[in-house]
Amino acid sequence: MDAVSGRNKKGTTPVQQTHQRVVICGAGVIGAAVAYYLSLRGVEVTLVERCGVACAASGKAGGFLALDWCDGSPLASLARKSFSLHAQLAQTLGIDYGYRRLTTLGVAVNAQEPGQPRQLPAELAWLDAQGVPYTVLGTPETTAQVHPAQFTKALLQAAQARGARLHLGCVEGLDVAHGRVQGVQVDGQCLPADAVVVERREYGDLHGYLQRVLHGESVVAEGPAAWEVLQREARAA
């Protein structure tokens, strides 16, 4: 299925919308991206975040993008698709979040005696006296960078422009009935949902719980907060 058009692999038949209300637990870059692409399909989206948008790893990462560094691995096609999507988003979002193509260097530190003269081109004048570039790892055709927090906020802003909502609060659990998710408990109230996206880092043994109890109606992504929620749900089950 195409992540942008919502069409199937043959590119002819629009995907039928089964879930109309989606609650996303976590407003990091994954949650914001899911909200954005669901909003393009007209899905009613609510993001729940207890602190703030991109308040954890999504706001503090390096924001580095590479086209071909995963070539030869199972992630190759995903990395190439991601690199392409970033270039598209920089054009379509219409928000400056620091996207730039760049040359990436391998730099050795303390590779020469202090004070030893060296010749560097003017564009590398920012390197200090102890850093010596020894190879080119990427060119503007293969490497790029974004400001991670600004990128996450840009995605959310675009999703909100299409009706997505940000709900600040603490996720306390999932409302499940007859093996299907009904909503998300947030600060004592239930946010109705036909599907839930839980943004977290690792879920380990809880994968079996989700498959057994939620019948595949929940998607686990990345983000530390959801670990606590799923642990509580698994113990309760």
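These lines cover the structure that appears in this document, whether it is placed above or below. (Residues numbered from 1 in each chain as written. Predicted model: local features only at pLDDT ≥ 70, side-chain atom pairs only at ≥ 80, totals over all residues. Heavy atoms only, no water.)

## Focus on the packing of helix α1 (residues 29-40) against helix α3 (residues 148-161)
Next, step 1: Between α1 and α3, the shortest axis-to-axis distance is 8 Å and the interhelical angle comes to 30°. Our classification of the angle between α1 and α3 gives roughly parallel. Helix-helix and strand crossings are classified by hand; for α1 and α3 the assignment is left-handed. For the pair α1 and α3, the contacting residues are Val29, Ala32, Ala33, Ala35, Tyr36 and Ser39 in the first and Phe151, Thr152, Leu155, Leu156, Ala158 and Ala159 in the second.
Next, step 2: Residues that form the contact of α1 with α3 fall into these classes: 10 nonpolar, 2 polar and no charged. (Axes fitted to C-alpha atoms, helices over the stretch in contact; angles between N-to-C directions. Helix = DSSP H or I, 4+ residues; strand = E, 2+ residues; numbered from the N terminus. Parallel < 35°, antiparallel > 145°, perpendicular 65-115°, else oblique. Left-handed = near helix turned anticlockwise from the far one by under 90°. Contact = heavy atoms within 4.5 Å. Nonpolar A, V, L, I, M, F, W, Y, C, P; charged D, E, K, R; others polar.)

## Looking at the pattern of salt bridges
Next, step 1: In this structure the tally under the stated criterion is 3 salt bridges.
Next, step 2: The salt bridge partner of Glu44 is Arg165, with a shortest N-O separation of 3.5 Å. Placement of Glu44 in strand β2 (residues 44-49) and of Arg165 in strand β8 (residues 165-168) is noted, with a sequence separation of 121 residues between them.
Next, step 3: Residue Glu44 is classed as partly exposed on the basis of its relative accessible area of 42%.
Next, step 4: Judged by relative accessible area, which is 45%, Arg165 ranks as partly exposed. (Salt bridge = Lys/Arg side-chain N within 4 Å of Asp/Glu carboxyl O. Buried < 20%, exposed > 50% of the residue type's maximum accessible area, 1.4 Å probe, protein only.)

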